[in-house]
Amino acid sequence: MQTFVTLTMNGLADGAILAIAALGFVVVYKATGIINFAQGEFLLIGAYLIHQFRTVWGWPWSVAIVVAVIVAAVMGMVIERLILRPLIGENAIAVVMVTIGLSLALLAITLWVWGASPFPPPDFISKETVELLGTNVPINRFVAIGVAVAVFTGFSFFFRKTKQGLAMRAVADDQQAAMAQGINVHRVFALSWALAAASAVLGGMILSQVNNAVQLELSVTGIVVFPVVILGGLESIAGTAVGGVLIGLFNAYTGGYLNGRIEGFDGLQEVVPFVVLVLILLIKPHGLFGQARIERV
Amino acid sequence: MAAATGVYRTTYQADMTLRRTKAEYVRLALIVIALAGAPFYLSNSWLFVLNVAGISVIAAVGLNIVTGYTGLISLATGGFLAIGGYTTAIVTTRAGLPTPLAWVAATVLAAAVGAVFGLPAGRLKGIYLAITTLAAQYIIVYLVRSWKAVTGGLDSLLVTPPKVGGTLITQIPEKWFGLEGKSEHFAWYWVILFFATLAVLGTVNLFRTGLGRALIAIRDQDIAAEVIGVRVARYKVLAFAISAGMAGFAGALQASYRSIVTFERYTIDVSIVYVTMIIIGGLGSVSGSVYGALFITWLPEYIRHVGSGIRSGSAFGFITEQVVPIQNAAFALVLILFLLVEPRGMARLWQRAKDYFRLWPFRY
């Protein structure tokens, strides 16, 4: 039971981070149709920005988070303007590869600026544990879940109630119709990248807490986003939350219960998401909540 | 009776005189001379780089078949190289069988695995397929790392060097041709050159056959291809198999050449490097894959070379201290710049340069 509670909390916290990362990914995909391979590096940059502002420069945590979110949003817009916009209308391979190039460039910049050695995570989230159902659970697991809930609530409010949010949904639904209604599609593209980078700051912050280090390896999360979004459905915001939590829990249980039980196969949790991914693509390619497009040939 | 107007060509040979110009033959002669002379005037370290590039050419040309010509992005080249490399290591060292057998086994096995991961191509398109190959990459490398009983896990595996009639390949120049003091790279250069040339010529000619035309038809307009009788799903799987087979063979060759395999040489980064090669070279261009493979292999070595020549502490000392980030950044920058400026790659640049001089002093 204690193992189960620990694993569940770990899984939920990981799932929360995956959900935030997948959210940024899906926002970009819905608005622009671009598969963003750099989402993991956005998380990484977010974690390092907060490290820089809070740990190195000693700013108050609230200021550090707000400034990091703003810096990341501006970075997202600049990236969209300089790198993605010239490729509108190019073939899908070019667009996929440019986001891969972007991820490599961001990784190289991070390595250049901050070096390869890990830093301790920012200190404003308690390292204490609390007792839950007879086992000690670190507080940062709860913080991770809380941040994710807050981010999803904020995004859902934004998409339902604000003018820009409605514009984004209109563009996601039908780009040409949205254009005909006078919606500035380019601004929506820029905004979607800004949102992806900004939400990644919060994701990166809790990611570094849960991993207890600010280091380059954090960007691996960007790859696990793929199983999450395929499971949830590429077009679905709700799907990212469900997919994130499912993959998070699945990983935690595989890691906790199966590791070392099967002779010769350690670290199964690293590969299980990808096996799930292939199975979903074979059985139900549009995921749990995605739009089923019927295409023959 | 109407008089003949215009120029009529009635034979294939007459048609080909348009394409086979004297300049082509001169260029071919220059390339042959350069390739034949390269191992004699290059230093050992650069010959090694050239050999690595030659092996990359095989995998890059193979990847271009599936990505450039059939339009299916594959991010699993690293995985297929791993299958080739580990099969060679296991067959030669563990089973003690001759190297050619290992190379064949490596090619066949990689092609089979490629076909399996190409199967979803029957139902999926574009992005979904790219993600499937990403999963393939991770699953293969995971198996290599974890299946200790077969692959040795995180430890490296040794590969028994190939022999011809009891003579090690690396000793053939000395024993058979009396060339003294040549490094092992010298002998391997000819082996790699042979197979790389074979891969390039084979692929060029593949696209003159019905199979190759079918693949191009799928890339350009899959519905139309299906309508005129191309079995789209079957050909997509076939394209994956051919491409994976070539990557597997490149992996086998690489394993025998480096005489050691470790999983670190087959990570997702390697797959990305290969896609970058064919993008920088030119999607859907065999010569482009060659340019791309040469350039991408040369670039980091050149940066390292420059970095090692600069004293740390001088104005450019940061290059020495930051070689790895600079290599990574240069790679990313080259990729992004090519996509933004010339998405059709070096093959297209070369074409444009030729046109510029041919038409000079006119613009067009």
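See the structure above.
Bear in mind that the values here come from a model prediction, so they are computed numbers and not experimental data.

A. Molecular detail of the pairing of strand β1 (residues 129-132) of chain A. Residues and elements named next belong to chain A. Bridge count between β1 and strand β2 (residues 135-138): four bridges; the pairing is antiparallel. Paired with V130 across the two strands is V137, which belongs to β2. What sits between β1 and β2 in their antiparallel hairpin is a turn of two residues, with L133 showing a positive phi close to 50 degrees.

B. Local environment of the packing of aromatic side chains. Applying the stated criterion across every chain, the model contains 27 aromatic pairs over all chains. Measuring from ring centre to ring centre gives 5.7 Å for W57 of chain A and W59 of chain A, while their planes differ by 40 degrees; the resulting arrangement is tilted. Given a relative accessible area of 27%, W59 of chain A falls into the partly exposed group. In textbook terms, an aromatic cluster arises when at least three aromatic residues are bridged by ring pairs, as seen for F40, F186, Y189 and W190 of chain B.

C. Broad picture of the pattern of salt bridges. The final tally for this structure, using the stated rule, is seven salt bridges over all chains. E80 of chain A is the partner of R85 of chain A in a salt bridge, and the nearest nitrogen-oxygen pair spans 2.9 Å. For E270 of chain A, the salt bridge goes to R145 of chain B, with nearest N and O atoms at 2.7 Å. With E270 of chain A in helix α11 (residues 268-283) and R145 of chain B in helix α6 (residues 126-146), this pair bridges two chains. Relative accessible area serves as the criterion here: at 25%, R145 of chain B is assigned to the partly exposed category.

D. Spatial organisation of the packing of α11 of chain A against α6 of chain B. It is at 9 Å that the axes of α11 of chain A and α6 of chain B come closest, and there the two elements cross at 145 degrees. Note that α11 of chain A runs across α6 of chain B; the crossing there is left-handed. Judged by residue contacts, L268, E270, V271, F274, V275, L277, V278 and L281 of chain A of α11 of chain A engage Y128, I131, T132, A135, Y138, I139, Y142 and R145 of chain B from α6 of chain B. Per-class residue counts for the contact of α11 of chain A with α6 of chain B are 13 nonpolar, one polar and two charged.

What counts as what
Residues numbered from 1 in each chain as written. Chains lettered and ligands numbered in written order. Predicted model: local features only at pLDDT ≥ 70, side-chain atom pairs only at ≥ 80, totals over all residues. Heavy atoms only, no water. Pairing = 2+ DSSP bridges. Helix = DSSP H or I, 4+ residues; strand = E, 2+ residues; numbered from the N terminus. Phe/Tyr/Trp six-rings, centres within 6.5 Å; stacked < 30°, edge-to-face > 60°. Buried < 20%, exposed > 50% of the residue type's maximum accessible area, 1.4 Å probe, protein only. Salt bridge = Lys/Arg side-chain N within 4 Å of Asp/Glu carboxyl O. Axes fitted to C-alpha atoms, helices over the stretch in contact; angles between N-to-C directions. Left-handed = near helix turned anticlockwise from the far one by under 90°. Contact = heavy atoms within 4.5 Å. Nonpolar A, V, L, I, M, F, W, Y, C, P; charged D, E, K, R; others polar.

Geometry only, nothing functional implied.
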